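Structural characterization, general
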Amino acid sequence: MRVEHKRRSWRRLPPRRGNATLVCVGGQLLAFLGISALVIVTPGQDTALTIRNTLAGGRRAGSFTALGVSTGQAVWTLAASAGIAALLVASEPAFVALKLAGAAYLVFLGAQALVAACRRGGAGSLAAAGAPRRALAPATAFRQGVLSNLGNPKMAVFFTSLLPQFAPDGGASFAAMLALGLLFCTMTLVWLVAYAAGVARAGAILRRPRVRRALDAVTGTVLVAFGLRLATQRHY
């Protein structure tokens, strides 16, 4: 009788909610990692800028560009977690002003690459190829990465719409959104640093005059195209 009573009482015990919560949070985290990885590896303006700066200043400049991009993302993460980014998205004048400033900066960077490609293709390209060129400083590469990312108001829309969906229990708490955003920034940093390392490893081939001129023309065109697309996109 006692054994039977213990079995019945054991059956009446409620299921543990802690395990179910861990499974739910783990599933949300895996989904966030998958979506983040897909967004990060998709080529965009950050990738184009990293390639451009790696060719101009080597692996170190590319890595500092990646650090600048992730720093800009961290600022957007903090703004989204504190609710500031939502105010920016809701204010059309501020959104448009930031969008145009960011677009102008991308066009400026793209124009610099196009001018460099034209100079390498000019009559004095052979003499210029033999002369030492001043490498892009890491501080300049970092600044370009930060400004390029902060000048893209789509990041505000991205973080304010993505992060709350994966916060535990659907709660858009400051700590949860900040943790997810910083995880996204870290993934971006790792990917772009690896990308810069790959470009730098192939530097001997990519720095050949004809190849370098073609890459400058392509990356410059891509950056200008991203800038024009950013400038013509409507407010969300």
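Look above for the structure.
So, here is what we can say about the structure in this document.

So, how was this worked out
- Residues numbered from 1 in each chain as written.
- Predicted model: local features only at pLDDT ≥ 70, side-chain atom pairs only at ≥ 80, totals over all residues.
- Heavy atoms only, no water.
- Helix = DSSP H or I, 4+ residues; strand = E, 2+ residues; numbered from the N terminus.
- Areas by Shrake-Rupley, 256 points an atom, 1.4 Å probe, with all protein chains shown as cover.
- Buried < 20%, exposed > 50% of the residue type's maximum accessible area, 1.4 Å probe, protein only.
- Core = buried A, V, L, I, M, F, W, Y, C linked by side-chain atoms within 4.5 Å.
- Contact = heavy atoms within 4.5 Å.
- Axes fitted to C-alpha atoms, helices over the stretch in contact; angles between N-to-C directions.
- Left-handed = near helix turned anticlockwise from the far one by under 90°.
- Nonpolar A, V, L, I, M, F, W, Y, C, P; charged D, E, K, R; others polar.
- Phe/Tyr/Trp six-rings, centres within 6.5 Å; stacked < 30°, edge-to-face > 60°.
- Parallel < 35°, antiparallel > 145°, perpendicular 65-115°, else oblique.
- Polar contact = N/O pair within 3.5 Å; in protein donor to acceptor, adjacent residues only side chain to side chain.

1. Observations concerning the overall build of the protein chain
Looking only at helices and strands, the protein chain features 11 helices and 0 strands. Carbon and sulfur atoms form 67% of the exposed surface of the protein chain, whose accessible area is close to 13400 Å².

2. A few points about the environment of arginine 212
Relative to the elements of secondary structure, arginine 212 occurs in helix 11 (residues 209–232). Taking the relative accessible area as the measure of exposure, arginine 212 reaches 11% and is therefore buried. Once the C-alpha coordinates of arginine 212 and leucine 55 are considered, the two residues, 157 residues apart in sequence, prove to be 8.0 Å apart.

3. Overview of the nonpolar core
Ranked by internal contacts, the top residues of the largest apolar core, which has 20 residues, are Phe32, Trp76, Ala156, Phe158, Phe159, Leu163 and Phe184. Looking at this core, the elements that each hand over two or more residues are helix 2 (17–41), helix 3 (45–82), helix 4 (84–90), helix 8 (154–166) and helix 9 (174–201). Ranked by residues supplied to this core, first place goes to helix 8 with 8 residues. Apart from the residues within four sequence positions on either side, phenylalanine 159 is in contact with Gln73, Trp76, Thr77, Ala80, Pro164, Met177, Gly181 and Phe184. If you look at the next biggest cluster of nonpolar residues, it comprises 9 residues, including Leu49, Tyr105, Leu106 and Leu230.

4. Some points on the packing of helix 3 against helix 11
At a minimum axis separation of 10 Å, helix 3 and helix 11 run at an interaxial angle of 150 degrees. In this structure, helix 3 meets helix 11 at a crossing whose hand is left-handed. Contacts from Gln45, Ala48, Leu49, Ile51, Arg52, Leu55 and Ala56 of helix 3 reach helix 11 at Arg212, Leu215, Thr219, Val222, Leu223 and Phe226. Residues of the contact of helix 3 with helix 11, tallied by class, amount to 9 nonpolar, 2 polar and 2 charged.

5. Remarks on the packing of aromatic side chains
Aromatic rings considered in pairs are described by the distance between their centres and by the relative angle of their planes. Applying the stated criterion to the full structure yields 6 aromatic pairs. Where tryptophan 191 meets tyrosine 195, the ring centres are 5.7 Å apart and the plane angle is 65 degrees; that geometry is what we call edge-to-face. Residue tryptophan 191 and its partner tyrosine 195 are located together in helix 9, separated by 4 residues, close to a single helical turn. The partly exposed category is assigned to tryptophan 191, whose relative accessible area is 31%.

6. Focus: the packing of helix 3 against helix 8
The N-to-C vectors of helix 3 and helix 8 enclose an angle of 50 degrees; their axes lie 9 Å apart at closest approach. Viewed along their axes, helix 3 and helix 8 adopt a mutual orientation that is oblique. Crossing hand, helix 3 versus helix 8: right-handed. The residues of helix 8 that touch helix 3, namely those facing Gln73, Trp76, Thr77 and Ala80, are Met155, Ala156, Phe159 and Thr160. Classifying every residue of the contact of helix 3 with helix 8 by side-chain character gives 5 nonpolar, 3 polar and no charged.

7. Here's the deal with the side chain of arginine 52
Summarising the element assignment, arginine 52 is placed in helix 3. A polar side-chain atom of arginine 52 sits 2.7 Å from a polar atom in the side chain of asparagine 53. Among all residues touching arginine 52, those that are not within four sequence positions of it are Leu109, Gln112, Ala113, Gln144, Thr219 and Leu223.

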